[in-house]
Amino acid sequence: MKDTYRTIAAATAPVLFKEKQSKFLGYAFPVKTEAEVKTYLEQLRKEHLGAVHFCYAYQLGAETKQYRANDDGEPSNSAGMPIYGQLLSFDLTNVLVVVVRYYGGIKLGVGGLMTAYRMTALCSLETAQIEERTIDVAFKIGFDYPMLNKVMRLVKEHQLTITHQSHEMRCEMIVATRKKNVEKLQGVLAAWHDITWELID
């Protein structure tokens with residue numbers, strides 16, 4: 001079972017690609033939502049008031065992926081899809097790549113545009129710090145305070161990540177584990193009759 005995905009650690013510094021006096025500036029951003037995509041696009045439009053096109057592609061989701069490619073006024077499929085092709089080539093998700101074009105006065109033709117957008121996206125992603133991350137599943141565990149040491153041993157033995165905990169008389173803890181370990185952990189928890197637990201979507 002595949003329970004990892006590849007993404008980028010941080011936004012990249014802009015890269016510059018020139019073709020027949022047109023300038024193409026490439027950016028890559030880590031994103032998890034369409035709202036973040038919109039924010040970055042608005043930010044770039046404010047930074048580059050003289051630019052004519054803001055073409056982009058993004059892919060979201062660790063398991064069920066959704067993507068969008070936008071030509072922003074360039075000929076159909078000459079910009080967004082070549083950018084998206086690089087996201088696929090690098091096998092990345094939760095990433096937005098934007099290429100900002102300053103027109104230089106000479107038309108490049110569809111083939112020239114496709115090459116320019118593809119190469120700018122490629123250069124952007126080559127500068128990115130790529131990370132492999134795990135697809136995690138969260139559990140909520142409830143138990144009485146005297147059980148705390150036993151639960152903490154479980155956390156250590158199964159290399160769980162604690163994302164939330166409250167220690168009252170009745171304790172609550174939210175832990176995450178890699179997807180491939182879910183069945184094993186469910187078996188262990190089911191054998192404990194003095195705790196409550198549930199999967200969190």
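Draft legend 1. Representation of the side chain of Thr 7 within the structure. Here Thr 7 is to be found in strand S1 (residues 4–8). Overall, the relative accessible area of 1% leaves Thr 7 in the buried class. Engagement of the side chain of Thr 7 in a polar contact is seen with the backbone oxygen of Asn 94, the distance being 3.3 Å. For Thr 7, the residues in contact, after removing those within four places along its chain, are Leu 92, Thr 93, Asn 94, Val 95, Gln 129, Ile 130, Glu 131 and Arg 133.

Draft legend 2. Quick peek at the packing of helix H2 (residues 80–89) against helix H3 (residues 109–126). Contact geometry for H2 and H3: axes closest at 8 Å, N-to-C directions at 35°. Crossing handedness for the pair H2 and H3: right-handed. Across the interface between the two elements, Pro 82, Ile 83, Gln 86 and Leu 87 of H2 pack against Met 114, Tyr 117, Arg 118, Ala 121, Leu 122 and Leu 125 of H3. Its residues assigned to classes, the contact of H2 with H3 shows eight nonpolar, one polar and one charged.

Draft legend 3. Here's a closer look at the packing of aromatic side chains. Within the structure shown, the criterion is met by seven aromatic pairs. Taken together, a centroid distance of 4.0 Å and an interplanar angle of 15° make the contact between Phe 29 and Tyr 40 stacked. Residue Phe 29 is located in strand S3 (residues 22–30), and its partner Tyr 40 is located in helix H1 (residues 34–47); the two are separated by 11 residues in the primary sequence. The buried category is assigned to Phe 29, whose relative accessible area is 5%. Within the aromatic cluster, the residues linked to one another by ring pairs are Phe 17, Phe 24 and Tyr 117. In this arrangement the basic side chain of Lys 23 is found over the ring face of Tyr 102, its NZ or CZ atom lying 5.6 Å from the centre. Positioned over the ring face of Trp 192 is Lys 150, at 4.4 Å from the centre of the ring.

Draft legend 4. The sheet that holds strand S5 (residues 66–70), seen in detail. Read across the sheet, five strands follow the order S2-S3-S6-S4-S5 without closing on themselves; strand pairing throughout is antiparallel. Here the strands that pair on one side only, and so sit at the sheet edges, are strand S2 (15–19) and S5. Across the sheet, the mean angle separating the axes of adjacent strands is 15° when strand polarity is ignored. Two elements, S3 and strand S6 (residues 95–102), share eight bridges in a ladder whose sense is antiparallel. Looking at S6, one finds that Gly 26 is bridged to Val 99. Its contacts with the sheet put H2 on strand S4 (53–60), S5 and S6, and the angle it makes with S4 is roughly 35°. Seen against the sheet, H3 touches S2, S3, S4 and S6 and runs at an angle of roughly 40° to S3.

Conventions used here
- Residues numbered from 1 in each chain as written.
- Predicted model: local features only at pLDDT ≥ 70, side-chain atom pairs only at ≥ 80, totals over all residues.
- Heavy atoms only, no water.
- Helix = DSSP H or I, 4+ residues; strand = E, 2+ residues; numbered from the N terminus.
- Buried < 20%, exposed > 50% of the residue type's maximum accessible area, 1.4 Å probe, protein only.
- Polar contact = N/O pair within 3.5 Å; in protein donor to acceptor, adjacent residues only side chain to side chain.
- Contact = heavy atoms within 4.5 Å.
- Axes fitted to C-alpha atoms, helices over the stretch in contact; angles between N-to-C directions.
- Left-handed = near helix turned anticlockwise from the far one by under 90°.
- Nonpolar A, V, L, I, M, F, W, Y, C, P; charged D, E, K, R; others polar.
- Phe/Tyr/Trp six-rings, centres within 6.5 Å; stacked < 30°, edge-to-face > 60°.
- Lys NZ or Arg CZ within 6 Å of the ring centre and 35° of its normal.
- Pairing = 2+ DSSP bridges.

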